[in-house]
Amino acid sequence: MKLLLFLSDTIIPLLIFYIIGTGLLQKQNIYEEFIHGAEDGFRTVIKIMPTLIGLMVAVGILRASGLLDAVSSVFGNLIGNRFIPGEIIPVFIVRLFSNSAATGLVLDIFKKYGTDSLLGCICSIMMSSTETVFYTMSVYFMSVKIKKTRWTLTGAMLAAMAGAIASIILAEKM
């Protein structure tokens, strides 16, 4: 256990010193490379800012209007609450768009049912095993100007569903 604590405290500084040391050995100007990378990152943030703002506003409108609750109740009735609890459906749907909005929904579930409840465990595992599919696709594809996504959305949605189902199974085993 002490070894793991030591590694977790030292791995990042060691990695930074390794990168700097490698750059010095190769006689590169490390500071200029860092500044160039920071400028590229800043340009990328500026390019994707409208997309981020649009996604955050859309999720906020969905949540405030009650449409999200209506959609989740419809899905809950279609699927049936036997295998997938209806309370986690809004978390799954919002998680596809926004991590912060989904975190807000998870906190609501924690307040209502408790963190150690079955729903609390499912949400915790699901937040770790699923991805913000639409956010990630829009940011990555917009930054590199990809117009044809082919099977990316299908694969990402299947992976998100697998993560959600696995979170339910794992939480029930606990």
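Residues numbered from 1 in each chain as written. Predicted model: local features only at pLDDT ≥ 70, side-chain atom pairs only at ≥ 80, totals over all residues. Heavy atoms only, no water.

By the naming in an unreviewed UniProt entry, the chain is Nucleoside transporter/FeoB GTPase Gate domain-containing protein, taken from Eubacterium plexicaudatum ASF492.

**Brief notes about the UniProt feature "transmembrane region" (unreviewed entry) in the chain**
Residues given the UniProt feature "transmembrane region" (unreviewed entry) here are residues 6–25, 45–68, 88–110, 117–141 and 153–171. For residues 45–68, the end-to-end C-alpha separation is 29 Å, with 96% helix and 0% strand making up the annotated structure. The span residues 117–141 is 84% helical and 0% strand by assignment, and the distance between its end C-alpha atoms comes to 38 Å. (UniProt positions renumbered as here; feature names shortened; annotations may be inferred. Helix = DSSP H or I, 4+ residues; strand = E, 2+ residues; numbered from the N terminus.)

**Details of empty space enclosed by the protein**
For the coordinates displayed, the defined rule picks out one cavity of 30 Å³ or more. The volume enclosed by the largest cavity comes to roughly 40 Å³. Every residue along the wall of the largest cavity is listed here: Val59, Leu62, Leu68, Ile93, Val94 and Phe97. Sorting the residues of the lining of the largest cavity by element identifies helix 2 (30–65) and helix 4 (89–95) as the ones contributing at least two each. (1 Å grid on protein atoms, 1.4 Å probe; cavity = no way out; pocket = protein on both sides within 12 Å on 5 of 7 lines; lining within 4 Å. Points joined across faces, edges and corners; volume = space filled by probe spheres on them.)

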